[in-house]
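Each chain is listed here by its residues.
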Amino acid sequence: MDQDVDDRAAASLAAAARSLRAGLERSLALGHALARAGPRLEEIQAALPALEAAVRPIRAPMAELAAAGPHIDRAVGPAAAVLKVFDAVHGLEPPLLQGGGGGGAGDLPGYLAVLGRLEEALGFLSNNCGLAAQWLADIVEYLGDHDLADPRFLAEVGVALDGLRNKPSGHLDGGLLAAALDMLEAEFRRLLADHSAPLAINNTSTSTAKSRVPAAAVRKLSLILDRLLANGRQDRSISLYVDARGNVVSSSLRDLGLDYLRNPADDAQALGPGVELWGRQLEFVVRRLLESERQLCGKVFGQHKSDASACFTEVAARASVLDFLSFGRAAADAKKDPIKLMRLLEVFDSLNKLRLDFNRLFGGKACADIQCQTRDLVKLLVDGAVEIFEELLVQVELQRQMPPPSDGGVLRLVTFIVEYCNRLLSEKYRPVLAQVLAIHRSWRKEVFTDKMLAAAVLNIVKALEANFNVWSRSYGNKTLSYIFMMNTRWHLFKHVKGTKLAELLGDVWIRDHEQFKDYYITMFMRDSWGALSPLLNREGLILFSKGRATAKDLVKQRLKTFNARFSEMFHEQSAWIIPDKDLRRETCDHVMQAIVPPYRSYMQNYGPLVEQDVSASKYVKYTVDGLEKMLGALFVPRPKRSGSFQIGHSNGKISSAMTGLYRSASTVK
């Protein structure tokens, strides 16, 4: 029985041990489970605030939740529209970056239409993206203020909205517009290059200025440029255009040979061919080259007139317009010379013909430098031309102190003044000179009439004729003065007759000078050769009236006197000249008529009295034929070097260059 009790106690103890062991194991397992659940509990603990925030709207009063709905709807609507436009922008990428053959070369209108849609979309985004973001930000703020949403979520949304609002509008398309504009620029450059052949200069005819760029290309250039300017590509577009068209202008002028513009002569005579070429080329540059460029520039730039003006100014700078004006100024600054007046009038006439063209081409503010230099040049030309013209009379009067030509020939001054006045009165110069004089007097608030120009030219001729009288009286030999006056008056008549100067001087003046020739020939013959033939008179020579010896002595004496006087006169007059061939022949005919027939008759009648004498050679020095040859060879001009005429100073000091005008004319006419 005790054994049973012990067995039961042992069994109980064993059971208790097992129970304790099992409990311990469960405790250990529970401890391990608790250890493992700790972090999870912490996570749950950390998530509890978020869960609380998430369920807060559920806990919020229904009235506040209901009030938030309309606000959210109003903000989300514009945002949804903005997102829709963003999607549309992305849809434009393929046709803008891949289609159209590159910048719309294949279908430019279609390409520009797509570009217009992009510009319209970007305009919408630029105007509405910030506003939509602001409305969303206001809703976020509203939800936060009323604890209607998770604050952390609202903070993240707020940061995103701030970034969207602060993002530049130009980046809304991811650079799509810039890429499309780059392609348009490339097409703009290609079109300019394809139609930038230089102007073919076959001649400098300036009738019309025709565009060398096809109308279709001009239309494309204008469409492209309009979009480039509208999108802020002004500087780059103008630079592209100026480089292309400026090269066209430079290339077109390269064959003209404009180096002479930069190295002009300083002598008016040498400037003549250059001024003529300058006028033709300036007209070509202005009326053909630049006018066509102006028209093209206007068509390409369309309504962008200020840009067109600035652009054309830069293109015109490549046309050497300022170099042309500098050459004109060089002509105005050339040495003072009567011929310079012609050069000044030629330069003025060229500029005046192009006055309207200059105003049209260079009338804008961008061409202020060309305008200023043109005005200055015109003033120099007008002042210089008037100064020389007014100085002419003074210079002619100053020549009276110069000695007349020793050979009785025509002063170079006479030829020069006649030719000079006729040139001034020609159709080429008279209207220009009259206009210059009128402009100059208008600057002084004075009136000018064409009669003033005529009077001024008449005064020059009158001064020249007054010089004739002074020079004639300065001869010590009166006979030589007749030769001088005959030469000069006849030369004046012959070179004036039938000219513009003759119309000015009148018919009476012409008739008087034609008669001067006969008058001076008569006076010359009376005082020279006309007095020689009476030496061969027959007084006392009635054959054998007083004996043959007496008659022979008288013949010898008279032949000796005749020979001496003839030799003296011939030697003296051999140094004289008559430049005009017809006048010389007529004068020699008068001389021979006065000498040869009386001499022939005298020798036929009385020559035998001395011809058989041993000393006949002392008295019979000339045969009739020999006498004719000698007299026929009188007054032939000898070659001389002619001088030039330059304006000196009216203070009485005459430059050495002017004295050449007072040498006789040497050309046989």
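None of the values given here were measured: they were computed from a predicted structure.

**A word on the overall build of the protein chain**
Turning to step 1, where the next piece is worked out: Regarding its fold elements, the protein chain presents 26 helices and 0 strands.
Turning to step 2, where the next piece is worked out: Buried residues in the protein chain amount to 42% of all 669 residues.
Turning to step 3, where the next piece is worked out: Restricting to contacts in the protein chain with at least 6 residues of sequence separation, those with at least 24 account for 83%.
Turning to step 4, where the next piece is worked out: Of the accessible surface of the protein chain, which amounts to about 34,500 Å², a share of 55% is contributed by carbon and sulfur atoms.

**Points about the environment of Val386**
Turning to step 1, where the next piece is worked out: As for its placement among the helices and strands, Val386 is situated in helix α15 (residues 368-398).
Turning to step 2, where the next piece is worked out: Expressed as a C-alpha distance, the spacing of Val386 and Arg441, which sit 55 residues apart in the sequence, is 9.7 Å.
Turning to step 3, where the next piece is worked out: With near-sequence residues (within four places) excluded, Val386 lies in contact with Val436, Leu437 and His440.

**Some details on the pattern of salt bridges**
Turning to step 1, where the next piece is worked out: The final tally for this structure, using the stated rule, is 36 salt bridges.
Turning to step 2, where the next piece is worked out: A salt bridge links Glu446 to Arg444; the nearest nitrogen and oxygen atoms lie 3.5 Å apart.
Turning to step 3, where the next piece is worked out: A relative accessible area of 34% means that Glu446 is categorised as partly exposed.
Turning to step 4, where the next piece is worked out: A salt bridge links Asp580 to Lys494, with the shortest nitrogen-to-oxygen separation between them at 2.6 Å. Of the two residues, Asp580 is situated in the loop between α22 (548-573) and α23 (581-606) and Lys494 in helix α19 (residues 478-496); the sequence distance between them amounts to 86 residues.

**Some details on the nonpolar core**
Turning to step 1, where the next piece is worked out: Formed by 160 residues in total, the largest nonpolar core has its most connected members in Tyr241, Phe301, Phe362 and Trp529.
Turning to step 2, where the next piece is worked out: Per element, the largest residue contribution to this core is 14 residues, and it comes from helix α10 (residues 268-301).
Turning to step 3, where the next piece is worked out: Discounting residues that sit within four places of it in the chain, Phe301 has contacts with Leu225, Leu229, Ile238, Tyr241, Asp307, Ala308 and Cys311.

**So, the packing of helix α9 (residues 234-254) against α10**
Turning to step 1, where the next piece is worked out: In contact at an axis separation of 12 Å, α9 and α10 are set at 160° when each is read in the N-to-C sense. Looking at the two axes, α9 sits roughly antiparallel to α10. In this structure, the crossing between α9 and α10 has a hand that is right-handed. Residue-level contacts link Ile238, Tyr241, Arg245, Val248, Val249, Ser252 and Leu253 of α9 to Phe284, Val285, Leu289, Glu293, Leu296, Cys297, Val300 and Phe301 of α10.
Turning to step 2, where the next piece is worked out: Its residues assigned to classes, the contact of α9 with α10 shows 12 nonpolar, 1 polar and 2 charged.

**Quick word on helix α14 (residues 355-362)**
Turning to step 1, where the next piece is worked out: Of the positions making up α14, those classed as buried are Asp357, Phe358, Leu361 and Phe362. For α14, the angular spread of buried residues about the axis comes to 100°, placing them on one side.
Turning to step 2, where the next piece is worked out: Structurally, α14 contributes buried residues whose contacts are with α10, α11 (305-317), α12 (321-332), α13 (338-353) and α15.

**Observations concerning the packing of α15 against helix α18 (residues 450-473)**
Turning to step 1, where the next piece is worked out: The geometry of α15 relative to α18 is characterised by a closest axis approach of 8 Å and an angle of 15° between their N-to-C directions. It follows that α15 is roughly parallel to α18 by the angle criterion. Like other packed secondary-structure pairs, α15 and α18 cross with a definite hand, here left-handed. Packed against α15, whose contacting residues are Phe389, Leu392, Leu393, Val396 and Glu397, the element α18 presents Leu453, Ala456, Val457, Asn459, Ile460, Ala463, Leu464 and Asn467 at the interface.

**Topic: the environment of Leu199**
Turning to step 1, where the next piece is worked out: One can find Leu199 in the loop between α7 (176-194) and α8 (215-230).
Turning to step 2, where the next piece is worked out: Among the residues examined, Leu199 registers a relative accessible area of 12% and is labelled buried.
Turning to step 3, where the next piece is worked out: Along the sequence, Leu199 and Arg212 sit 13 residues apart, while their C-alpha atoms lie 7.8 Å from each other.
Turning to step 4, where the next piece is worked out: When near neighbours in sequence (up to four residues on either side) are disregarded, Leu199 contacts Arg212, Ser252, Phe284, Arg288 and Leu289.

**Comments concerning the packing of aromatic side chains**
Turning to step 1, where the next piece is worked out: Tallied over the entire structure, the rule returns 18 aromatic pairs.
Turning to step 2, where the next piece is worked out: Aromatic ring contacts, followed pair by pair, group Trp529, Phe562, Phe566, Phe570, Tyr599 and Tyr622 into a single cluster.
Turning to step 3, where the next piece is worked out: The ring of Trp490 carries Lys517 above its face, with NZ or CZ at 4.7 Å from the centroid.

**Let's talk about unusual backbone geometry**
Turning to step 1, where the next piece is worked out: Located in the positive-phi region is Ser320, a residue other than glycine, with phi close to 60°.
Turning to step 2, where the next piece is worked out: Tracing the backbone shows Ser320 in the loop between α11 and α12.

**Details of α13**
Turning to step 1, where the next piece is worked out: Between its first and last C-alpha atoms α13 spans 23 Å; for 16 residues at 1.5 Å apiece the expected length is 22 Å, and the two agree.
Turning to step 2, where the next piece is worked out: In terms of burial, α13 is largely enclosed, as 14 of its 16 residues are buried.
Turning to step 3, where the next piece is worked out: Taking the backbone nitrogen of Ile339 as reference, a side-chain oxygen 2.7 Å away marks Asp337 as the first, capping residue of α13.

**Topic: the side chain of Ser472**
Turning to step 1, where the next piece is worked out: The residue Ser472 is located in helix α18 in this model.
Turning to step 2, where the next piece is worked out: Ser472 sits in the buried class, given a relative accessible area of 14%.
Turning to step 3, where the next piece is worked out: Contacts of Ser472, omitting those with residues within four sequence positions, involve Ser481, Phe484 and Met485.

**A few points about the environment of Val470**
Turning to step 1, where the next piece is worked out: Mapping Val470 onto the fold places it in helix α18.
Turning to step 2, where the next piece is worked out: Exposure remark for Val470: the relative accessible area of 27% places this residue in the partly exposed category.
Turning to step 3, where the next piece is worked out: On a C-alpha basis, the gap between Val470 and Met402 in space is 9.8 Å, while along the polypeptide they are 68 residues apart.

Definitions and cut-offs
- Residues numbered from 1 in each chain as written.
- Predicted model: local features only at pLDDT ≥ 70, side-chain atom pairs only at ≥ 80, totals over all residues.
- Heavy atoms only, no water.
- Helix = DSSP H or I, 4+ residues; strand = E, 2+ residues; numbered from the N terminus.
- Buried < 20%, exposed > 50% of the residue type's maximum accessible area, 1.4 Å probe, protein only.
- Contact = heavy atoms within 4.5 Å.
- Areas by Shrake-Rupley, 256 points an atom, 1.4 Å probe, with all protein chains shown as cover.
- Salt bridge = Lys/Arg side-chain N within 4 Å of Asp/Glu carboxyl O.
- Core = buried A, V, L, I, M, F, W, Y, C linked by side-chain atoms within 4.5 Å.
- Axes fitted to C-alpha atoms, helices over the stretch in contact; angles between N-to-C directions.
- Parallel < 35°, antiparallel > 145°, perpendicular 65-115°, else oblique.
- Left-handed = near helix turned anticlockwise from the far one by under 90°.
- Nonpolar A, V, L, I, M, F, W, Y, C, P; charged D, E, K, R; others polar.
- Arc of directions from axis to C-beta.
- Phe/Tyr/Trp six-rings, centres within 6.5 Å; stacked < 30°, edge-to-face > 60°.
- Lys NZ or Arg CZ within 6 Å of the ring centre and 35° of its normal.
- Expected span 1.5 Å × (residues − 1).
- Polar contact = N/O pair within 3.5 Å; in protein donor to acceptor, adjacent residues only side chain to side chain.

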